[in-house]
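# A look at the structure
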Amino acid sequence: MTPEPTGVDAVIDAVTAMFLVVGALMSLGAAIGLLRFPDLMSRMHAATKPQVLGLFLMLAAMGLQMRTWWVWPVLVVAWIFQLLTTPVSAHMVGRSAYRTKHGHRELLTKDELEAVVQRAAGNGSTPDP
């Protein structure tokens with residue numbers, strides 16, 4: 001039988017539970033967005049934006065629940081790695097989808113990449129020196 005948590009332990013447990021629930025909801029929102037959004041760009045947004053915050057909340061909950069200092073550097077490194085790689089991979093997927101015409105260009109409000117792609121393909125004017 002464990003004693004009832006009081007004081008600081010109860011607060012840490014409540015914050016941990018809140019972080020876990022919100023992090024799980026963010027991850028669920030990302031999964032639903034991947035299934036429900038109509039085009040690649042929207043799905044990419046759903047996969048990257050809430051997932052990074054959801055992972056941060058899950059890692060913070062894990063660090064709070066462990067209650068040791070040595071776990072925090074490992075969790076911070078894991079979160080920074082996720083924070084650095086997710087936008088880069090989403091950018092690369094978006095560019096490749098744009099170049100292979102898998103995206104819905106009619107849904108874009110402004111197409112800033114068209115001139116760059118035309119120039120790279122040799123169909124446009126040469127870049128200014």
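Residues numbered from 1 in each chain as written. Predicted model: local features only at pLDDT ≥ 70, side-chain atom pairs only at ≥ 80, totals over all residues. Heavy atoms only, no water.

## Let's talk about the overall build of the protein chain
Within the protein chain, the regular secondary structure consists of 4 helices and 0 strands. Going from N to C terminus, the protein chain has its helices and strands arranged as α-α-α-α. Here the protein chain has roughly 9400 Å² of accessible surface; of this, 69% comes from carbon and sulfur atoms. (Helix = DSSP H or I, 4+ residues; strand = E, 2+ residues; numbered from the N terminus. Areas by Shrake-Rupley, 256 points an atom, 1.4 Å probe, with all protein chains shown as cover.)

## Observations regarding the pattern of salt bridges
According to the stated counting rule, one finds 2 salt bridges in the structure shown. For the salt bridge of R67 with D9, the shortest nitrogen-to-oxygen distance reads 3.8 Å. Here the residue R67 occupies a position in the loop between α2 (40-66) and α3 (71-99), and D9 occupies one in helix α1 (residues 8-36), the gap between them amounting to 58 residues. Among the residues examined, R67 registers a relative accessible area of 38% and is labelled partly exposed. For R67, the salt bridge identified is with D13, shortest N-O distance 3.0 Å. Linking R67 in the loop between α2 and α3 with D13 in helix α1, this pair joins segments that are 54 residues apart in sequence. A single salt-bridge network, built from bridges that share partners, covers D9, D13 and R67. (Salt bridge = Lys/Arg side-chain N within 4 Å of Asp/Glu carboxyl O. Buried < 20%, exposed > 50% of the residue type's maximum accessible area, 1.4 Å probe, protein only.)

## A look at a nonpolar patch on the surface
There is a patch of nonpolar side chains on the surface, built from V21, L25, L28 and I32 and spanning about 370 Å² of accessible area. Mapping L25 onto the fold places it in helix α1. Given the relative accessible area of 53%, L25 is considered exposed. (Patch = residues over 30% accessible without salt bridge, like charges linked within 9 Å, V, L, I, M, F, W, Y side chains within 5 Å.)

## Considerations on the packing of aromatic side chains
The final tally for this structure, using the stated rule, is 1 aromatic pair. Look at F56 and W79: their rings are 4.8 Å apart centre to centre, the planes differ by 50°, and that puts the pair in the tilted class. Of the two residues, F56 sits in helix α2 while W79 sits in helix α3, which places them 23 residues apart along the sequence. (Phe/Tyr/Trp six-rings, centres within 6.5 Å; stacked < 30°, edge-to-face > 60°.)

## Looking at the packing of α1 against α2
Relative orientation of the contacting elements α1 and α2 amounts to 160°, with a least axis distance of 8 Å. In terms of their interaxial angle, α1 and α2 are classed as roughly antiparallel. Between α1 and α2 lies a crossing whose hand is left-handed. The residue makeup of the contact of α1 with α2, split by class, is 19 nonpolar, 7 polar and 2 charged. (Axes fitted to C-alpha atoms, helices over the stretch in contact; angles between N-to-C directions. Parallel < 35°, antiparallel > 145°, perpendicular 65-115°, else oblique. Left-handed = near helix turned anticlockwise from the far one by under 90°. Nonpolar A, V, L, I, M, F, W, Y, C, P; charged D, E, K, R; others polar.)

## Quick word on α3
Counted at 1.5 Å a residue, the expected span for α3 with its 29 residues is 42 Å, and the 42 Å between its end C-alpha atoms agrees. Among the residues making up α3, those that are buried are V71, L75, T86, A90, G94, A97 and Y98. The inward-facing, buried residues of α3 contact α2 and α4 (114-121). Trailing α3 by a residue or two, K101 shows a phi angle of about 60°, which is positive. (Expected span 1.5 Å × (residues − 1). Contact = heavy atoms within 4.5 Å.)

## Here we look at the packing of α2 against α3
Axis separation between α2 and α3 bottoms out at 10 Å; the angle between their running directions is 175°. By the angle class used here, α2 and α3 are roughly antiparallel. Among the residues forming the contact of α2 with α3, the class breakdown is 20 nonpolar, 5 polar and no charged.

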